[in-house]
Amino acid sequence: MARIIVVDDERSIAEGVAAYLEREGHDVTTAATADRAVELGRTSPDLIVLDVMLGRGSGFDVLRTLRGEGRRIPVIILSARVDVIDRVAGLELGADDYVTKPFEPRELVARVGAVLRRSRSSDAEAPAPVTIRVRDLELDPAAREVRRGPASIPLTRTEYDLLLALAENPGHVLSRGRLAERIFGGLYEESDRTVDSHVRNLRRKLGAPPGSGEYVETVRGVGYRIARTAPRP
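Computed from a predicted model, the values in this text were never measured in an experiment.

(A) Structural view of the overall build of the chain. Scanning the chain for helices and strands turns up 8 helices and 12 strands. Counting only residues that meet the buried cut, the chain has 49% of its 233 residues in that class. Total accessible area on the chain stands at roughly 11,400 Å², and carbon and sulfur atoms take up 50% of it.

What follows is the structure, given as structure tokens:
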């Protein structure tokens, strides 16, 4: 059982989603406004299902506030918007998944289950005896932290899992499908370019110095690999 917050200003949708999730044994609370969503998000639920268009405020504002406070609660965005730019905006703010309306309730329940499993398996991983180094970065699997020197780089759970998957396979190219299987539990549509969005966000947060090359390299037509060393001048 998980404690889930469903945020949607359309009562019928919020109650419908809640009913499906409750049938799976989850404890569900609904909210209709951005302020209430932030308030409930601060109680550390296991997951938030968050609509973008709210009567008072935006789901993006809710996500921005919670992530800005350092809260890494898994979030699934709901939206009637189908534009890629909106999906990218949600993912770049730290959403774990994005579902467009209208949606099949059973698919949403499956996506909720996948995100929860990934979240719990990450929390339950046994501490690794050694850290992983990628150029000037240090990944600590036990603490789930990425550091550059003494400074910690704040990443979302999805961004960290993506970087760790690549760092654990130095020299190997991982396809988008394989990365999606690792970090999303297989619920992935190639056309969504979800992995690409997370890679862009990860690159921005890692902030490679000018001329040093990205930490995550693109292999066109295949996928991504970790850059173990900086390119020569």
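Here the narrative resumes, following the displayed structure.
(B) Spatial organisation of the packing of aromatic side chains. Per the counting criterion, the structure on display carries 0 aromatic pairs. Between arginine 23 and the ring centre of tyrosine 20, over which it is positioned, the NZ or CZ distance is 4.7 Å. A cation over a ring is seen here: arginine 135 above tyrosine 215, with NZ or CZ 4.5 Å from the ring centre.

(C) View of the pattern of salt bridges. One pass over the full model with this rule turns up 21 salt bridges. Arginine 147 is the salt-bridge partner of glutamate 138, the closest N and O atoms lying 2.9 Å from each other. With respect to burial, glutamate 138 and arginine 147 carry one shared label: buried. For the salt bridge of arginine 225 with glutamate 217, the shortest nitrogen-to-oxygen distance reads 2.9 Å. On the basis of relative accessible area, arginine 225 is assigned to the partly exposed category, the value being 33%. What makes glutamate 217 partly exposed here is its relative accessible area of 29%. Residues joined by salt bridges that share partners form a network here, namely Arg133, Glu138, Asp140, Glu145 and Arg147.

(D) Region of the structure containing the nonpolar core. Ranked by internal contacts, the top residues of the largest apolar core, which has 26 residues, are Leu139, Val146, Leu163, Leu166 and Leu179. Breaking this core down by element, the ones donating at least two residues are strand S6 (132–134), strand S7 (137–140), helix H6 (157–167), helix H7 (176–184), helix H8 (194–206) and strand S12 (223–226). If near-sequence neighbours (up to four positions away) are discounted, valine 146 is found in contact with Leu137, Glu138, Leu139, Ala151, Ser152, Ile153, Leu155, Tyr160 and Leu163. If you look at the next biggest cluster of nonpolar residues, it comprises 20 residues, including Ala34, Val38, Phe60 and Val62.

(E) Spotlight on the environment of proline 45. Within the secondary structure layout, proline 45 lies in the loop between helix H2 (34–41) and strand S3 (47–51). Sequence separation between proline 45 and alanine 2 is 43 residues; the distance between their C-alpha atoms is 7.9 Å. Contact partners of proline 45, with chain neighbours within four places excluded, come to Arg3, Ile5, Leu40 and Ile73.

(F) How the structure looks around the pairing of strand S11 (residues 216–219). Of the pairings in the sheet, the one linking S11 to S12 comprises 4 bridges and is antiparallel in character. Within S12, the position partnered with threonine 218 by the bridge is tyrosine 224. Where S11 folds back onto S12 in an antiparallel hairpin, the turn is made up of 3 residues, including glycine 221, whose phi is positive at roughly 80 degrees.

(G) Structural context of the sheet that holds strand S9 (residues 151–152). Here we have 4 strands laid out as an open sheet, ordered S6-S7-S8-S9, and antiparallel in their pairing. The sheet is open, and its two edges are formed by S6 and S9, each paired on a single side. Bridge analysis of strand S8 (residues 145–148) against S9 gives 2 bridges, and the strand direction is antiparallel. Bridge pairing in S9 places arginine 148 opposite alanine 151. Contacting S6, S7 and S8, H6 runs over the sheet at an angle of about 105 degrees to S7.

(H) Examining unusual backbone geometry more closely. Omega for the bond connecting lysine 101 with proline 102 falls within 30 degrees of zero, at -10 degrees, which places this linkage in the cis form. Topologically, proline 102 is positioned in the loop between strand S5 (97–100) and helix H5 (105–124). With a phi angle near 60 degrees, serine 44 is a residue other than glycine that sits in the positive phi range. Within the element layout of this structure, serine 44 appears in the loop between H2 and S3. The phi angle at arginine 135 is positive, at roughly 55 degrees, despite the residue not being glycine. Tracing the sequence through the fold places arginine 135 in the loop between S6 and S7. Take arginine 135: its relative accessible area is 23%, and that puts it in the partly exposed class.

Conventions we followed
Residues numbered from 1 in each chain as written. Predicted model: local features only at pLDDT ≥ 70, side-chain atom pairs only at ≥ 80, totals over all residues. Heavy atoms only, no water. Helix = DSSP H or I, 4+ residues; strand = E, 2+ residues; numbered from the N terminus. Buried < 20%, exposed > 50% of the residue type's maximum accessible area, 1.4 Å probe, protein only. Areas by Shrake-Rupley, 256 points an atom, 1.4 Å probe, with all protein chains shown as cover. Phe/Tyr/Trp six-rings, centres within 6.5 Å; stacked < 30°, edge-to-face > 60°. Lys NZ or Arg CZ within 6 Å of the ring centre and 35° of its normal. Salt bridge = Lys/Arg side-chain N within 4 Å of Asp/Glu carboxyl O. Core = buried A, V, L, I, M, F, W, Y, C linked by side-chain atoms within 4.5 Å. Contact = heavy atoms within 4.5 Å. Pairing = 2+ DSSP bridges. Axes fitted to C-alpha atoms, helices over the stretch in contact; angles between N-to-C directions.

These figures come from the coordinates and say nothing about function on their own.
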